[in-house]
Amino acid sequence: MDIAALSIGMNQASLSQSVGIALTKKVMETSEQNSVQLLKMMEAPHPHLGQSIDIKG
């Protein structure tokens, strides 16, 4: 194998690794944003509601 082909192969491997890392970071950021949005959706809009039950008939 000549040096040029070896260099190209190493650069392709490095690029592939960089793309994989960037993609993983993006997925992690998206997951974090989704988690924050889900937690905001789960917050009660009126926290005092539902704490007592009217059992009078």
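Preceding this section is the structure that the text describes.
Residues numbered from 1 in each chain as written. Predicted model: local features only at pLDDT ≥ 70, side-chain atom pairs only at ≥ 80, totals over all residues. Heavy atoms only, no water.

Colleague: Give a detailed account of the overall build of the chain, specifying residues and quantitative values.
Modeller: The helix and strand tally for the chain stands at 1 helix and 0 strands. In terms of overall size, the chain is more extended than a compact globule, its C-alpha atoms giving a radius of gyration of 26 Å where 57 residues would be expected to give roughly 10 Å. C-alpha extents for the chain along the principal axes are approximately 90 × 15 × 10 Å. A total of 57 residues make up the chain; the buried ones form 0% of that total. (Helix = DSSP H or I, 4+ residues; strand = E, 2+ residues; numbered from the N terminus. Rg over C-alpha atoms; globule rule 2.2 N^0.38 Å. Buried < 20%, exposed > 50% of the residue type's maximum accessible area, 1.4 Å probe, protein only.)

Colleague: Describe the environment of Leu38, with residues and values.
Modeller: Among the structural elements, Leu38 can be located in helix 1 (residues 3–42). The sequence separation of Leu38 and Leu49 amounts to 11 residues, and the corresponding C-alpha distance is 21 Å.

Colleague: I'd love a proper account of a nonpolar patch on the surface, names of residues and values included.
Modeller: Taken together, the side chains of Leu38, Leu39, Met41 and Met42 make up a nonpolar region of the molecular surface, amounting to roughly 500 Å² of accessible area. For Leu38, a relative accessible area of 46% puts it in the partly exposed group. (Patch = residues over 30% accessible without salt bridge, like charges linked within 9 Å, V, L, I, M, F, W, Y side chains within 5 Å. Areas by Shrake-Rupley, 256 points an atom, 1.4 Å probe, with all protein chains shown as cover. Salt bridge = Lys/Arg side-chain N within 4 Å of Asp/Glu carboxyl O.)

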